[in-house]
Amino acid sequence: MTEINFDLVVKENKRLVLKTVGETLIDRFEDSIEDVVQEVFFRVYKALQKNQFDGRSKISTWIFTIAKNEANRLNQKRLKEEEKAKRYLESSLFKSEVPDLALESEKSEWIESVLIKVPEKYKNPLTLYLKGHSMEEIANELKLKEGTVKSKLFRAKEWIKKNMGGDSHEFQES
């Protein structure tokens, strides 16, 4: 295969890659379009350096396939992360770690004592979630994407685990 000018390849195919990635990514993951496009051209560059483009198809077809595959890979990764965060939020952190309190007011006090310590950027989504709002409702209320809400809740859970330990009884101070 002859020498291929990478700058020219990028210039001629950037619209194709942007369009493909934009159409393939799930809407709530559109914040990752630039990352995926960058990854596509990184993969193209590496493959061209190793002479992995064999010329059996047009270079644009080859790049289209890489873009489609990379966008689908990100979709799968983010969906898996969301599902993992959702399962955790629905089970262990907010169900088994909240102590079995006889009075609702005691439970509210316990939650408030935890929320006081949580970083500001996680408080609103976490508060709304604990009040029973759905991911969609929280997203609408805070004018965020559902994926962003799920990420913030996941990060809040990680922060609580890291900074407040695993023993829920140590948080029961009024």
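Calculation notes
Residues numbered from 1 in each chain as written. Predicted model: local features only at pLDDT ≥ 70, side-chain atom pairs only at ≥ 80, totals over all residues. Heavy atoms only, no water. Buried < 20%, exposed > 50% of the residue type's maximum accessible area, 1.4 Å probe, protein only. Helix = DSSP H or I, 4+ residues; strand = E, 2+ residues; numbered from the N terminus. Arc of directions from axis to C-beta. Contact = heavy atoms within 4.5 Å. Salt bridge = Lys/Arg side-chain N within 4 Å of Asp/Glu carboxyl O. Patch = residues over 30% accessible without salt bridge, like charges linked within 9 Å, V, L, I, M, F, W, Y side chains within 5 Å. Areas by Shrake-Rupley, 256 points an atom, 1.4 Å probe, with all protein chains shown as cover. Lys, Arg positive; Asp, Glu negative; His and termini not counted. Charge placed at Lys NZ, Arg CZ, Asp CG, Glu CD.

## Observations regarding helix H6 (residues 135-142)
Right, on to step 1. For H6, the complete set of buried residues consists of Met135, Ile138 and Ala139. Down the axis of H6, the buried set is contained in an arc of 100°. They therefore lie on one face. Turned more than 90 degrees from where H6 packs its buried face, Asn140 and Glu141 sit exposed.
Right, on to step 2. Taken from the residues just after H6, Lys143 is the one with a positive phi, measuring 55°.

## Focus on the environment of Thr24
Right, on to step 1. Within the fold, Thr24 resides in helix H1 (residues 6-24).
Right, on to step 2. Residue class for Thr24 comes out buried when judged on its relative accessible area of 13%.
Right, on to step 3. C-alpha of Thr24 to C-alpha of Leu74: the two residues are 50 residues apart in sequence and 9.9 Å apart in space.
Right, on to step 4. The residues touching Thr24, leaving out its near neighbours within four places in the chain, are Lys68, Ala71, Asn72 and Asn75.

## Topic: the pattern of salt bridges
Right, on to step 1. Under the criterion given, the structure shown has 12 salt bridges.
Right, on to step 2. Residues Arg28 and Glu82 are paired through a salt bridge, measuring 2.9 Å at the closest nitrogen-oxygen approach. Highlighted residues: Arg28 in the loop between H1 and helix H2 (33-49) and Glu82 in helix H3 (residues 59-96), separated in sequence by 54 residues.
Right, on to step 3. A relative accessible area of 27% places Arg28 in the partly exposed class.
Right, on to step 4. A salt bridge links Glu39 to Arg43; its shortest N-O distance comes to 3.1 Å. Here Glu39 pairs with Arg43, and both are found in helix H2, just 4 residues apart, close to one helical turn.
Right, on to step 5. Note on Glu39: relative accessible area 25%, which makes it partly exposed.
Right, on to step 6. Linked through salt bridges whose partners overlap, the residues forming this network are Arg28, Glu82, Glu146 and Lys150.

## Quick look at a positive patch on the surface
Right, on to step 1. Taken together, the side chains of Lys80, Lys84, Arg87 and Lys161 define a basic patch exposed on the protein surface.
Right, on to step 2. The biggest single contributor to the positive patch is H3, with 3 residues.
Right, on to step 3. As for its position among the elements, Lys161 is in helix H7 (residues 146-164).

Remember that the coordinates give geometry; whether it matters functionally is a separate question.
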